Amino acid sequence: MNKFILKRALASLVSLLFLVVAVFFLSRLTGDPTDLYLPVDASLASREQFRKIHGLDQPLMVQFFNYVRDLAVLDFGESIRRARPALDVVLEAFKWTLQLALITLFLVTLAAIIFGSLAAFRVGGMFDRFATFFSLIGASAPDFWLAIVAIVVFSVGLGWVPTSGTGTMMHWILPVTILFIRPFGLILQVVRSSMITALSAAYIKTARAKGAKAKSIIFIHALRNALLPIITVIGDQAAGMLNGAVIVETIFGFPGVGKLMIDSILQRDFSVVLASIMVTAFVIFLMNILIDLLYAVLDPRIRY
Amino acid sequence: MTDYLLEVRDLSVTFHTTRGPVDAVRNVSWHLNRGEVLAILGESGSGKSVSAAAIMDLIDMPPGEIKSGEIFFEGENLLTMDQEARREINGKKIAMIFQDPLSHLNPVYTVGWQIEETMVIHGTARRVAQKEMLSLLTKVGIPDPILAAKKYPHQFSGGQRQRVMIAMALALKPDVLIADEPTTALDVTVQAQILKLLQELQRETGMGLVIITHDLGVVAEIADRVVVMNNAEIVESGLVSDVYHNPKHAYTKKLIASAPGNGEMSSGVKSQEPILQLENVSKAYGDFVALRGMSFELMPGEVVAIVGESGSGKSTVARMLLRLEEASGGVVKYRGDDILSMSSSELLSIRRDIQMVFQDPTQSLNPRMSVYQIISEAWIIHAGIIAKSKWKERAGQLLEQVGLKREHLDRYPHQFSGGQKQRIAIARALALEPKIIICDEAVSALDVSIQAQVIALLKGLQKNLGISFIFIAHDLPVVRDFADRVIVMKSGEIVEEGAVQQIFEAPKELYTRNLLNASLDPDPKVQAARRMAAAAVS
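A. Spatial organisation of the overall build of chain B. The number of helices and strands found in chain B is 22 helices and 20 strands. Computed over C-alpha atoms, the radius of gyration of chain B comes to 25 Å, within 12% of the 24 Å expected from 2.2 N^0.38 for 538 residues, which places it in the range of a compact globule. Once the C-alpha set of chain B is aligned to its principal axes, its extents read approximately 70 × 50 × 45 Å. For chain B, the residues scored as buried account for 54% of the 538 residues in total. For chain B, restricting intrachain contacts to residue pairs at least 6 apart in sequence, the fraction spanning at least 24 positions comes to 67%. Both charge centroids of chain B, one from 57 positive and one from 65 negative side chains, sit 2 Å from each other.

Given below as C-alpha cells:
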C-alpha cells in the first residue's frame, strides 16, 4: 500500500516536472510582458529596467533554471501585475474555486446517485424518463449560453439573484446551478447504467431470496458495487472543476483560479500562470491517488 | 387447501421477449412434503428453475408473466399475497441457494455480514445475529469462524463459498430450502461433501429440500422423489429408483441412456513415435508453483485425458504447450522440435497443427463475427492453406462434418445453442487440419445429451482423421468414455498415469480412488451401495 502511494507520488512528480517545462516555454511564446506593462512610448532604458527587475533580461535557459531553482524551495516567483508572491495570489483564488467545486460536486453526486439509482431500479419508469430527459438537456445545452440566459432572466429580469461577484449566499446560486447541469447529466447516466448492471447481478437475486427490502437492495447491495465507475467519472468531472470553471467564473465574475488563469495569460503574468497550473495539477494528482485508494476501500478485491 | 408443505399447482410462466412470448413452464404441478428431498431434473432451458423463481418472487414482471397457477405454502397461496407478506416468507420460511456461489454472494461485504443480514432483515438484533452467525459457520464446517466471518467471498474456495451460502440460507431455520444446482461448479470431492452437508442438515432440521439439477448422479445421491422436466413441461415424476429403473417417458429414457460412463473403454492405441513429448515442464507464478516438472507423451491418434480438480494445474499444461503463456522451464517436443524455444514465426506453423477448443463457446467465439468469418479467419492467419475461392465451400463442409448445416455459415454465435456453438468451435479448430486438438473442459458446460453427441463427434474425428487429443476434464465418466490414456493431476503434479481401463478399474493411488468414489453414479442403487460402503469404513 505504502509502496503504491510512493510509486504514484513519484510518477506524479515526474508529470509535474514535464508540465513545468512545457508551460514555462509555451507561456513565453505569448510575447514580452514589457510591451504590455509599459506605455508604447516608454524609453529603452525603462524597458531595460523593467526586464531586469523581472529577470526577463536573462537568456531563456537561464530564466528557466532560475525558475526551477526557486521552485525547489516552493518559491513560485512574483506576480508582475499584482506585485505579490504568485503563490499567494493563486491560493487565494483557488480557495474560491475549491469551494465552488466542492459544493457543486457534493450536490451533483447526491442528486445523480439518488436519481440514477431509482432510474435503474425501474427502467422505463418515471425516474428513468426524467433522468434521460435531463441528461440530454444537460449534455446539449452550452453552459456559456445557459449562464448568460440565466443572468438575463433571474438577475436582470426577475432580480432574484445578483449578476456577479461573491459576498452573499445568493451570489453562489447561479454559478453552482450552471456548473451543476452538465456533470449531473453525465454522472446520472453513469450511475444509471452502472446500477442497471449491478442490479442484474446474481447477488441481487440472493438478497431478494433473503427477503431484503427494495431500499436495501438498491442502496446497500447494488450501489456499493456500482460505485467504482461512478467515482471514476466524478473524479474526472472534479478535475475539470478544480482547473477552474473558466467560462462560468468569467461570466459570473467569480474570483476563482479559472478566471485568474485567463487574466494572467492575457496579462502575460507568467509566474501566476505557472503557479496556478502547478497548484491545480498538484491537487488533481492528489485527488487521483485518493480515488485509487478509494477503489481499494470500496472493493475488497482490489489490493495494491 | 392442500396437505403438502409446498405445492405448485398448474403453474404457467411466459416471458415476453422481442421475438415473441416464450413459455418458460407450462402447467407445471409438483409438491413437497416436510422432511422430503425432491429433485427437479432437467437440462438447460427445460424450465426446471422457473417454478423455484416463482416461489421466491424472483421473476421480473415484465418481461415475465404468470399466466396461470397457484403456489401453496402451508396452505396459503403465495401468488395472491402482497409483496410485504412474501418478503416475510423469503429467507425466513423458504430459503434458496444457488449455483456459482461466487457470483451469488455480494463481493463487497464480508461473509459474516451477509449471513447476519438474513437474520437482521427478519427482525433479529445485530448483536444476537452476530453470535448466531458464528455458530452457523461452525455448523457448516468453516474452520476458524471468527476469522472467516471477516473475510470476503473471493477469499474462500468454491466449496467453502457454498457452505457460506448454506449457512446464510439456514440462518432462520426455514421450512423449505431450495437448492438450484448447488454443486454444479464444484469439484467432485467437494460436491460429495456439500451434498452430504445438505443431507445432514435436512435430516437434522426436518425441512423440505428441493434440489434443482441437471445431474442424474446428484438425484441418485440425495433425492427421494424426482420430477423430470423437458421443454417447459413435466414429463415424468415419481420415486427416484422407479424413475431410473423404469422410465416411462421417451425423454427420461434418452436422458438416462446418455449419462456418460457406461460405454466401452478404449483398449489404447499402439505405441509408436510420439507426436508430442513433454519433458519436465514447469510453471510458477511468483512463489506459487502451478506445475512441477510435468512429463508425458502423446501418440498420433491417441486421446490422453488430463483429469484433476480445480487448481491441479491441468489447464496450465495446455496454456504452456501452446505458449499462450510462457513456461518457467522444460521442453515440449513436437515432432522433435522444442516448441518452448521457438521463434514466433516458427511457432505460427506449429499453432496450425495444434488447435484448441475451450470450455465456454459463448465466450470463446467472437459474438460479432459470423460463423463463416469465425471459421475462415484461420485461413487469413495461416495463408496458403486453401485458395480464397474455395473458402465458402470448405467452411460449409466443415460445418457438415461437425453435424451442422451449410446454411448456418451466415449466422452469428448467439443464434445457436450451447452444443451447437461448441460444434462451431470444433469446426474452427478443424479448419487448419490440425494434428492435435486440445480440449480444455470442452464438454463440461454442455447438457449430458449434448455432451454425448459432442464426444461421439470427437471420437469420429479421432478415428477418421487420426487426430490426437489432449482432453482436459474434471468429469471422470466422460473421460472414461473417450480417453485412451489418463493422467491424474493434483497440485501441479502427476499423481497417477495409465491406460483408461487401469485407472478406472484398478487405480493404484488413494487420490485416484477418492476421485472415482466421489463421482456420482446415475443409478440410485449404486449410489446407495457406495454410501453404505463409505459409512462402513468411517
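From this point on, the discussion continues.
B. Inspection of helix H12 (residues 314-321) of chain B at higher detail. Burial analysis of H12(B) places 6 of its 8 residues in the buried class, which makes it a mostly covered element. Within H12(B) the residues assigned to the buried category are B:Lys314, B:Thr316, B:Val317, B:Ala318, B:Met320 and B:Leu321.

C. Expanded view of the side chain of B:Asp353. Residue and element names in this part refer to chain B. Of note, Asp 353 is situated in helix H13 (residues 344-353). No salt bridge is formed by the buried Asp 353, whose closest oppositely charged neighbour, Arg 335, lies at an N-O distance of 4.3 Å. Ignoring sequence-local partners within four residues, the contact set of Asp 353 consists of Tyr 334, Arg 335, Pro 434, Lys 435 and Ile 436.

D. Highlighting the domain arrangement of chain A. Residues and elements named next belong to chain A. For chain A, the domain assignment lists domain 1 (2-72) and domain 2 (93-298). The C-alpha-based centres of domain 1 and domain 2 are spaced at 33 Å. Of the roughly 1800 Å² buried between domain 1 and domain 2, counting both surfaces, carbon and sulfur atoms make up 75%. Our enumeration of links across domain 1 and domain 2 arrives at 1 salt bridge.

E. Broad picture of the interface of chain B and chain A. With 29 residues of chain B at the interface, the matching set in chain A holds 19 residues. Applying the counting criterion to the chain B and chain A interface returns 2 salt bridges. Of the charged contacts, one joins A:Arg208 and B:Asp60 as a salt bridge, the two residues approaching to 3.3 Å between their closest N and O atoms. For the interface between chain B and chain A, the tally reads 14 residue pairs in polar contact (both at pLDDT 80 or more).

F. Fine view of helix H13 (residues 270-298) of chain A. Taking 1.5 Å per residue as the helical rise, H13(A) with its 29 residues ought to reach 42 Å, and the 41 Å between its terminal C-alpha atoms agrees with that figure. Taken across its 29 residues, H13(A) has 21 buried, putting it largely inside the fold.

G. Highlighting the layout of surface pockets. Empty space within the second largest pocket amounts to approximately 1000 Å³. Among the elements of the structure, helix H5 (86-121), helix H8 (170-199), helix H9 (202-210) and helix H10 (214-242) of chain A together with helix H2 (83-89) of chain B are those that each provide at least two residues to the lining of the second largest pocket. Across the lining of the second largest pocket, the residue classes break down as 16 nonpolar, 4 polar and 9 charged.

H. Representation of empty space enclosed by the protein in the model. This model, assessed by the stated rule, comprises 3 cavities of 30 Å³ or more. In this model, the largest cavity occupies a volume close to 80 Å³. Mapped by element, the contributors of at least two residues to the lining of the largest cavity are helix H9 (216-222), strand E9 (225-230), helix H10 (240-245) and helix H11 (250-257) of chain B. For the lining of the largest cavity, the per-class residue count stands at 13 nonpolar, 1 polar and no charged. Each pocket or cavity is described by its volume, and for the second largest cavity that value is around 60 Å³. Forming the walls of the second largest cavity are A:Thr206, A:Ala209, A:Lys210, B:Gly91, B:Ala95, B:Met96, B:Ile97, B:Thr118, B:Met165, B:Met168 and B:Ala169. Mapped by element, the contributors of at least two residues to the lining of the second largest cavity are H9 of chain A together with strand E6 (94-97) and helix H7 (158-170) of chain B. Here the lining of the second largest cavity is built from residues that sort into 7 nonpolar, 3 polar and 1 charged.

What counts, and where the lines are drawn
- Residues numbered from 1 in each chain as written.
- Chains lettered and ligands numbered in written order.
- Predicted model: local features only at pLDDT ≥ 70, side-chain atom pairs only at ≥ 80, totals over all residues.
- Heavy atoms only, no water.
- Helix = DSSP H or I, 4+ residues; strand = E, 2+ residues; numbered from the N terminus.
- Rg over C-alpha atoms; globule rule 2.2 N^0.38 Å.
- Buried < 20%, exposed > 50% of the residue type's maximum accessible area, 1.4 Å probe, protein only.
- Contact = heavy atoms within 4.5 Å.
- Lys, Arg positive; Asp, Glu negative; His and termini not counted.
- Charge placed at Lys NZ, Arg CZ, Asp CG, Glu CD.
- Salt bridge = Lys/Arg side-chain N within 4 Å of Asp/Glu carboxyl O.
- Domains from an automatic or database assignment.
- Buried area = accessible area lost by both parts, 1.4 Å probe.
- Polar contact = N/O pair within 3.5 Å; in protein donor to acceptor, adjacent residues only side chain to side chain.
- Expected span 1.5 Å × (residues − 1).
- 1 Å grid on protein atoms, 1.4 Å probe; cavity = no way out; pocket = protein on both sides within 12 Å on 5 of 7 lines; lining within 4 Å.
- Points joined across faces, edges and corners; volume = space filled by probe spheres on them.
- Nonpolar A, V, L, I, M, F, W, Y, C, P; charged D, E, K, R; others polar.

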